[in-house]
Amino acid sequence: MFRHLDGSRPEPGGILIFEGRDVPFRAGDSVAAALLAAGVVDFRDHPVDRAPRGPFCLMGVCFECLVEIDGRANRQGCLEPARDGMIVARSRGARRPA
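What you see as residue numbers is a count from 1 along each chain, following the sequence as written. Local features in this predicted model are restricted to residues whose pLDDT is 70 or higher, and side-chain atom pairs enter the listing and the counts only when it is 80 or higher, whereas totals over whole chains, interfaces and linings include all residues. Side-chain numbers here rest on the full set of heavy atoms in the structure, without hydrogens or water.

**Q** What should I look at first to understand the overall build of the protein chain in this one?
**A** Looking only at helices and strands, the protein chain features one helix and seven strands. Only runs of H or I of at least four residues qualify as helices and only runs of E of at least two qualify as strands under DSSP, and these elements are numbered from the N terminus. Counting from the amino terminus, the protein chain carries its helices and strands in the arrangement β-β-α-β-β-β-β-β. Summary of the burial criterion: residues with accessible area below 20% of their type's maximum are buried, those above 50% are exposed, and those between are partly exposed, where the area comes from a 1.4 Å probe applied to protein chains only. Within the protein chain, the fraction of its 98 residues that count as buried is 34%. Long-range contacts, defined as pairs at least 24 residues apart, comprise 41% of the intrachain contacts of the protein chain with a sequence gap of at least 6. Where accessible areas are quoted, they stem from the Shrake-Rupley method and a 1.4 Å probe; at the residue level, only the protein chains shown are allowed to cover. Taken as a whole, the protein chain presents about 6300 Å² of accessible surface, with 53% of it coming from carbon and sulfur. Only heavy atoms enter the contact rule, under which two residues are in contact if any of them lie within 4.5 Å.

Shown next as structure tokens:
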């Protein structure tokens, strides 16, 4: 289980909704950090074999943390600041061309 390393109690940042579940986060957390701290480790399905995938680098290089945020697909959860009330869902399969 992931957790914040410092023992301090920083100000709460708000609550995001992940697939119908309230996920509290701290001020300054990314979407990926908030989800990991809440015990969510699989953020998307692999587009070919549907294997669960989760964050790897947490700095925007690997694209394993792709999620849908407020209806927008393929957002990098590690680079998106968590905002109160945002709706987040797992990415499922390959994205269809427009």
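**Q** I keep staring at the pattern of salt bridges and nothing clicks. Help me out?
**A** Any two side chains of opposite charge can pair, so long as their charged atoms come close to each other. What counts as a salt bridge is simple: a side-chain nitrogen of Lys or Arg found within 4 Å of a carboxyl oxygen of Asp or Glu. Summed over all chains, the structure comprises eight salt bridges. With a closest N to O distance of 2.9 Å, R83 and D70 form a salt bridge. With R83 in the loop between β6 (72-76) and β7 (87-90) and D70 in the loop between β5 (66-69) and β6, this pair connects stretches of sequence that are 13 residues apart. A salt bridge links E80 to R75, with the nearest nitrogen and oxygen atoms 3.3 Å apart. Taken together, the shared-partner salt bridges in this structure form one network comprising E19, D42, D45, R90 and R92.

Interpretation in functional terms is not warranted from these geometric data alone.
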